[in-house]
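A closer look at the structure
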Amino acid sequence: MNNFLTNDSALQKVLIPQNRLQERVSELGQEISQAFEGKDLVIVAILKGSFVFAADLLRAMNIQCSIDFMGISSYAGQPGSGVVRITKDLDQGIAGRSVLLVEDIIDTGLTANYLLHNLWQRKPASIDICALLDKSARRLIDLPIRYRGFEIPDVFVVGYGMDYQQRYRHLPHISVLRLNGSPDVTPDSIVSDPAGSTSES
Ligand code: PRP
């Protein structure tokens with residue numbers, strides 16, 4: 001039986017429990033549905049991390065839209081440079097369409113910034129960003145995030161699609177991973193969301 005690795009000592013704390021994720025994703029789905037009603041909306045989900053969030057977000061929406069995926073990875077030897085390699089491009093054209101770029105997390109912002117530049121060259125009508133997690137403390141580039149699930153502190157998170165060395169993506173909640181040398185998360189560094197709710201550990 002899967003106990004979600006509760007005996008894995010690297011998992012320090014549940015930062016966002018499953019029920020809070022579901023509530024917030026549902027709110028985002030409704031907000032996005034209202035904003036894009038009647039538009040030719042294409043959701044562009046960035047692999048791999050966003051696949052769980054994108055699947056739940058799509059099911060929380062009640063308007064017609066299509067979904068496509070882009071796979072990217074950092075160029076070896078240049079992590080954090082913002083230079084990425086496209087491992088899977090979109091299958092559909094986006095010219096004249098409304099694009100919603102869906103990310104699991106925006107950290108430095110370099111990846112999303114690269115993607116914005118890349119996608120604008122294809123002449124969409126609009127591009128908006130939807131990020132489940134915003135780790136703004138580490139931002140290097142200012143980005144317009146229209147739909148934000150949660151603001152989180154500068155901790156390493158896994159679960160709900162996000163990994164550490166390709167592990168932990170299956171967790172139904174978001175947890176803090178204890179990396180060598182990282183400080184423990186204190187009770188006052190819990191996550192916040194625009195509705196003002198906080199998570200419980
Ligand atoms: C994560 C996330 C974003 C990027 C954000 O991907 O999905 O694409 O990092 O970081 P940034 O704002 O500092 O650019 P990751 O490299 O972990 O790959 P994965 O989604 O395939 O796990």
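Before any of the text, the structure's been laid out above.
Figured I'd write up the structure that's included with this text. (Residues numbered from 1 in each chain as written. Predicted model: local features only at pLDDT ≥ 70, side-chain atom pairs only at ≥ 80, totals over all residues. Heavy atoms only, no water.)

This part takes up the packing of aromatic side chains. The tally for this structure, following the rule as stated, stands at one aromatic pair. Judged by centre distance (5.6 Å) and plane angle (85°), the rings of Phe 156 and Tyr 164 are edge-to-face. By relative accessible area, Phe 156 is classed as partly exposed at 32%. (Phe/Tyr/Trp six-rings, centres within 6.5 Å; stacked < 30°, edge-to-face > 60°. Buried < 20%, exposed > 50% of the residue type's maximum accessible area, 1.4 Å probe, protein only.)

Excluding glycine, a negative phi dihedral is what most residues carry, and trans is how most peptide bonds are arranged. Between Leu 47 and the following residue, Lys 48, the backbone shows a cis peptide bond with an omega angle of 5°. As for its position among the elements, Lys 48 is in the loop between strand S2 (41-47) and helix H2 (51-59). One non-glycine residue, Gln 165, adopts positive backbone phi at about 50°. You can see Gln 165 is positioned in the loop between strand S8 (157-158) and strand S9 (174-177). Gln 165 gets classed as exposed once you look at its relative accessible area, which sits at 63%. A positive phi angle is found at Gln 166, which is not glycine, with a value near 70°. Within the fold, Gln 166 resides in the loop between S8 and S9. (Helix = DSSP H or I, 4+ residues; strand = E, 2+ residues; numbered from the N terminus.)

The environment of the ligand is formed by 14 residues, the closest being Glu 103, Asp 104, Thr 108, Gly 109 and Thr 111. Separating an oxygen atom of the ligand from a side-chain N or O atom of Asp 104 is a distance of 2.5 Å. Between the ligand and Asp 163 there is a distance of 3.0 Å, counted from an oxygen atom to a side-chain nitrogen or oxygen. Relative to its free-state accessible area of 500 Å², the ligand is covered by the protein chains to the extent of 73%. Among the elements of the structure, strand S5 (98-106) and helix H3 (110-120) are those that each provide at least two residues to the shell around the ligand. With four residues, the single largest contributor to the shell around the ligand is S5. (Near = heavy atom within 4 Å. Polar contact = N/O pair within 3.5 Å; in protein donor to acceptor, adjacent residues only side chain to side chain. Areas by Shrake-Rupley, 256 points an atom, 1.4 Å probe, with all protein chains shown as cover.)

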